[in-house]
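Results of the structural survey
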Amino acid sequence: MALEHAILVSLSERSGSGYELARRFEKSIGLFWSATHQQIYRVLKRMEEAGWVAVDVVAQEGRPDKKVYTVGAAGRAELRRWLAEPDPSSGPQELAVKIRGASFGNARAVAAEITRHRDAHAERLDAYRQIEKRDFPSPAALRGQPLHQYLVLRGGIRVEAGQVEWFEEILMALHQDKDRS
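Residues numbered from 1 in each chain as written. Predicted model: local features only at pLDDT ≥ 70, side-chain atom pairs only at ≥ 80, totals over all residues. Heavy atoms only, no water.

**Brief notes about the environment of R124**
Just so we agree on the cut-off: By definition, any uninterrupted DSSP run of H or I lasting at least four residues is a helix, any uninterrupted run of E lasting at least two residues is a strand, and each is numbered from the N terminus. Residue burial is assigned from relative accessible area. The probe radius is 1.4 Å, only protein chains are included, and a residue is buried under 20% of its type maximum, exposed over 50%, and partly exposed in between.
Summarising the element assignment, R124 is placed in helix α6 (residues 107-135). Take R124: its relative accessible area is 36%, and that puts it in the partly exposed class. Put simply, R124 and I157 are 33 residues apart on the chain and 8.5 Å apart in space, counted from C-alpha to C-alpha.

Here you go:
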């Protein structure tokens, strides 16, 4: 994912200046996608040149004029395209931005991407549990290196179980949201 998509999601939620976007990134989207002020301003310039965002210049008394960015038609189209596009290499950051932006595109396509991720994590969880059952039938008796290997495996099991649970929660919420619409 490019920073452009995270910015498109943020600006779709609320128009703002580069400074305001940077502040939002620090408090929300930045929890899973970080960007410096300089990166945001450079990307906003590229997005403006590409026609993805429009700029309104707002005069301010005693301060430089403020540029307020809004998503244009080309930016909305790009966001819808990106949200609908499966990405096998996407990580948690990209997926979090897609979930956050689901209402600006095809929520069913985002749900399909989440289902794909859930299934992959469930498969990995199953493999880890099979290893646990096969290689560590008596965990209470473990000491030294076997114990350390087991603890790492347990960490993997907990991570994968948490991911599967989170994806299930998201899918249920998206399904309920669709029913209310």
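**Some remarks on the pattern of salt bridges**
In plain terms, the rule: Here, a salt bridge means any Lys or Arg side-chain nitrogen found within 4 Å of an Asp or Glu carboxyl oxygen.
The final tally for this structure, using the stated rule, is 13 salt bridges. Between E20 and K66 there is a salt bridge, with its nearest N and O atoms 3.3 Å apart. Note that E20 is positioned in helix α2 (residues 18-27) and K66 in strand β2 (residues 66-71), a separation of 46 residues in sequence. Residue D119 pairs with R118 through a salt bridge whose shortest N-O separation is 2.9 Å. Within the structure, one salt-bridge network assembled from shared partners comprises E78, R81 and E85.

**Some points on the UniProt feature "domain: Transcription regulator PadR C-terminal" (unreviewed entry) in the protein**
Put simply, the test is: UniProt positions are given in the numbering used here, feature names are shortened, and annotations may be inferred rather than shown by experiment.
Under the present numbering, the feature "domain: Transcription regulator PadR C-terminal" (unreviewed entry) in UniProt falls on residues 94-174. Between the C-alpha atoms that bound residues 94-174 the distance is 18 Å, and the span itself is 84% helix and 0% strand.

**Digging into the domain arrangement of the protein**
How big an interface is tends to be expressed through the accessible area that disappears when the partners come together. The cut-off we apply is this: These domain boundaries are the output of an automatic or database domain assignment. The contact criterion used throughout is that any non-hydrogen atoms of two residues lie within 4.5 Å. For this analysis, a polar contact is any N or O atom pair within 3.5 Å, provided that within protein one partner can donate a hydrogen and the other can accept it, and provided that sequence-adjacent residues contribute only side-chain to side-chain pairs.
Structurally, the protein comprises domain 1 (1-87) and domain 2 (107-179). Listed by partner, the interface residues are four residues for domain 1 and five residues for domain 2. Counting the contacts that link domain 1 with domain 2 gives zero salt bridges. Where domain 1 packs against domain 2, one counts two residue pairs in polar contact (both at pLDDT 80 or more).

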